[in-house]
Structure formats: C-alpha cells, structure tokens
Amino acid sequence: MERVEAELERVRLAFLVTLDGIPSDRLHRAPAGHWTPAQLVWHCAKVERGVARLIERLDAAIPEMATVPPGPQPDRVLHILDHIPYHDRSQKRQAIEGLFPPDAIDLDAERERLSDGRAQLLAAMRQAGPRLSLIKYEHPLFGPFDGWQWVLSVGKHEERHIGQLREVAAARL
C-alpha cells in the first residue's frame, strides 16, 4: 500500500508541476482536436473519482468471509501494469462516453475535485486493503483488472496526460 500511495503521489506532483508550468493564457486553449489543460484536469479528476467509486462498490460486495489471496509482491506491485502501453502517445485513444469534458471549465474547482478524488481513492484503497486482490472488473481498453491494477491505473492514466499537457503547452496556437 505504501509503495502504491508513494507512486500516486509522485505522479500527481509531476502532473501539477507540469500544469503549473503552463502559462495562464494557455490553460483554456488547445490545438484543434485536443483538450485544453483545464479539460485534462477535469478528465483526470472524473476518472480518479470513478475508479474510487468502483473500488468502494466492488469491495462492499465481497462476502465478509471471503478468502483473500496474497496481493502482489511489494517489490513487483509497481510493475503490474508494465505490459500495458500507457505511455505510448503514438496512438490516440478515445475516452469513453461520460469522460469527455465540457467546453467551459472552472480550473480552480477542478483542481479541488482532483484533490478530493485522490483522497477518495486512497480511502477506498485503504478500506479494501488486501481485498483489492478480490476486486475484478473489466477495463474498457485493457481487459480484466483487479483492484491493485485499478488503483495503479489512475497513476498511469495521469502520467499519460502529463505528456499531453506538455504537447498542448508547446503547440503553436
């Protein structure tokens, strides 16, 4: 758990440092066909809160007497998604319906939602504890994930969008 939390914190810090490095006049602008930095914050907050609710819901459905298998080895836990090309920006991925941001974004409110979403995710992860191994749910792009993979996918997803933030910030508008 500690390694997962530290990894999520590392990625969040990199995301916020990248976001804070974007000039304020570019936070609500993007090249055609791309989301603005503000829309990316909205999207990441929406995804994280959704994963937190998914874990809460699936954990609550686990029978009290369920046998919990061992989770990933501590030295391997951060590598359980290495086989998925999250960082490959050569392929544009389409977000699923419901994860498309609106045109107008209140960036301050979305930054707060991003922070609240992290607190919700960490609380859900801690509450589930080792039962994360019992949580099973199909990722819309990558197949079946357990709870550990779902939690770590939030960081991988956010990391992917750090690259997108950099691309949008560097684009000529």
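In what follows, the structure referred to is the one given above.
I will try to describe carefully the structure that is included in this document. (Residues numbered from 1 in each chain as written. Predicted model: local features only at pLDDT ≥ 70, side-chain atom pairs only at ≥ 80, totals over all residues. Heavy atoms only, no water.)

## Some words on the nonpolar core
Within soluble globular proteins, side chains that are nonpolar generally end up buried alongside one another. Counting residues in each nonpolar core, the largest one holds 46 residues, and the members touching the most others are Val4, Ile55, Leu121, Leu132 and Val151. Contributing elements (two or more residues each) for this core: helix 1 (2–20), helix 2 (37–60), helix 3 (107–128) and helix 4 (147–170). The dominant element in this core, judged by the number of residues it contributes, is helix 2, at 12 residues. (Core = buried A, V, L, I, M, F, W, Y, C linked by side-chain atoms within 4.5 Å. Buried < 20%, exposed > 50% of the residue type's maximum accessible area, 1.4 Å probe, protein only. Helix = DSSP H or I, 4+ residues; strand = E, 2+ residues; numbered from the N terminus.)

## Here's the deal with the packing of aromatic side chains
Aromatic ring pairs are defined here through the distance separating the ring centres and the angle between the ring planes. Per the stated rule, a full pass over the model turns up 3 aromatic pairs. Considering the side-chain rings of Tyr86 and Phe142, the 5.1 Å spacing of their centres and the 55 degrees angle between planes classify their relative orientation as tilted. With Tyr86 in the loop between helix 2 and helix 3 and Phe142 in the loop between strand 1 (136–139) and strand 2 (143–146), this residue pair connects regions lying 56 residues apart in the sequence. Here Phe142 falls in the partly exposed class, since its relative accessible area comes to 23%. Residues Phe145 and Trp150 carry aromatic rings whose centres are separated by 5.4 Å and whose planes lie at 65 degrees to one another, so their mutual orientation is edge-to-face. In this structure, Phe145 and Trp150 share a single accessibility class: buried. (Phe/Tyr/Trp six-rings, centres within 6.5 Å; stacked < 30°, edge-to-face > 60°.)

## Structural notes on the packing of helix 1 against helix 4
With their axes 9 Å apart at the nearest point, helix 1 and helix 4 run at an angle of 20 degrees to one another. In terms of axis orientation, helix 1 runs roughly parallel to helix 4. Here the hand of the crossing between helix 1 and helix 4 comes out left-handed. Mapping the contact onto sequence places Val4, Glu7, Leu8, Arg10, Val11, Arg12, Ala14, Phe15, Thr18 and Leu19 in helix 1 and Trp148, Val151, Leu152, Gly155, Glu158, Glu159, His161, Ile162, Leu165 and Arg166 in helix 4. A breakdown of the residues in the contact of helix 1 with helix 4 according to their chemical character gives 11 nonpolar, 3 polar and 6 charged. (Axes fitted to C-alpha atoms, helices over the stretch in contact; angles between N-to-C directions. Parallel < 35°, antiparallel > 145°, perpendicular 65-115°, else oblique. Left-handed = near helix turned anticlockwise from the far one by under 90°. Contact = heavy atoms within 4.5 Å. Nonpolar A, V, L, I, M, F, W, Y, C, P; charged D, E, K, R; others polar.)

## As for helix 4
Taking 1.5 Å of rise per residue, the 24 residues of helix 4 would be expected to cover 34 Å, and the 36 Å separating its terminal C-alpha atoms lies within 8% of that figure. The principal kink in helix 4, of about 25 degrees, is found at Ser153. Where helix 4 starts, the residue carrying a side-chain oxygen 3.0 Å from the main-chain nitrogen of Trp148 turns out to be Asp146. (Expected span 1.5 Å × (residues − 1). Bend = angle between axes of the 7 residues up to and from the residue. Polar contact = N/O pair within 3.5 Å; in protein donor to acceptor, adjacent residues only side chain to side chain.)

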